[in-house]
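The primary structure of each chain is shown beneath.
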Amino acid sequence: MKAAFLFPSLLAATQFLVSANAAEPDSAAARDAEIIKRYDTNKDGKLDEAEVAAVKETMLMESQENKEARRERLQERQKSWLEEFDTNKDGKLDEAEKAAMDTTMRARTEKRPQLLKRLDTDGDGKLSDAEWIAGREKIRTRIEEAKGKDKK
Ligand SMILES: [Ca+2]
Ligand SMILES: [Ca+2]
């Protein structure tokens, strides 16, 4: 399965969700150096226990913030899906509306050559039902995760 790498671009390309990986850290080493520079309060070039504790706390807070930001973005997305596809305006998506949304998402996905290439596992230049369902399943999983099933 080549599922792991295609996911962020799938999300970005369909514009239904914002990619969580927009700003990736350059490399672990660069990040380490950056961290040391930032937290080495007594400037001895390394992190002592107190400094490490500060790093940990900050990182924990940042990851928590990221999680919340992601969740908020997701909720925004879901709201915009609802606005777009809730054709009878009852505030929820019934089966027909969901089906329309699915068709639209699939059509959008197929219009993106790069994305298509990644989802098109048999390489015939279009998305089979199975290929689309597999891609869509990833989105669903991602949404469930972002919804806060992750423990604190
Ligand atoms: Ca509706
Ligand atoms: Ca295909």
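Residues numbered from 1 in each chain as written. Chains lettered and ligands numbered in written order. Predicted model: local features only at pLDDT ≥ 70, side-chain atom pairs only at ≥ 80, totals over all residues.

- If you check an unreviewed UniProt entry, the chain appears there as EF-hand domain-containing protein from Rariglobus hedericola.

1. Some details on helix 2 (residues 28-39)
Here's step 1: Over its 12 residues, helix 2 extends 16 Å from the first C-alpha to the last, a length consistent with the 16 Å expected when each residue adds 1.5 Å.
Here's step 2: A small share of helix 2 lies buried, amounting to 0 of its 12 residues. (Helix = DSSP H or I, 4+ residues; strand = E, 2+ residues; numbered from the N terminus. Expected span 1.5 Å × (residues − 1). Buried ≥ 20, exposed ≤ 12 C-beta atoms within 10 Å, placed from the backbone.)

2. Observations regarding unusual backbone geometry
In terms of backbone geometry, most residues other than glycine have negative phi values and most peptide bonds are trans.
Here's step 1: Although it is not a glycine, Lys-43 sits at a positive phi angle of roughly 55°.
Here's step 2: Within the secondary structure layout, Lys-43 lies in the loop between helix 2 and helix 3 (49-85).
Here's step 3: Look at Lys-43 and you get exposed, because 7 C-beta atoms sit within 10 Å.

3. Some thoughts on the confidence of the model for the chain
Here's step 1: Taken over all residues, the pLDDT of the chain has a mean of 81, while the share at 70 or more is 80%.
Here's step 2: No element of the chain has a lower mean pLDDT than helix 1 (residues 3-14), which averages 45, and none a higher one than helix 4 (residues 95-110), which averages 93.
Here's step 3: Note that pLDDT drops below 50 for residues 1-23; the model gives that stretch 37 contacts with residues more than four away or on any other chain. (pLDDT = per-residue confidence, 0-100. Contact = placed C-beta atoms within 7 Å.)

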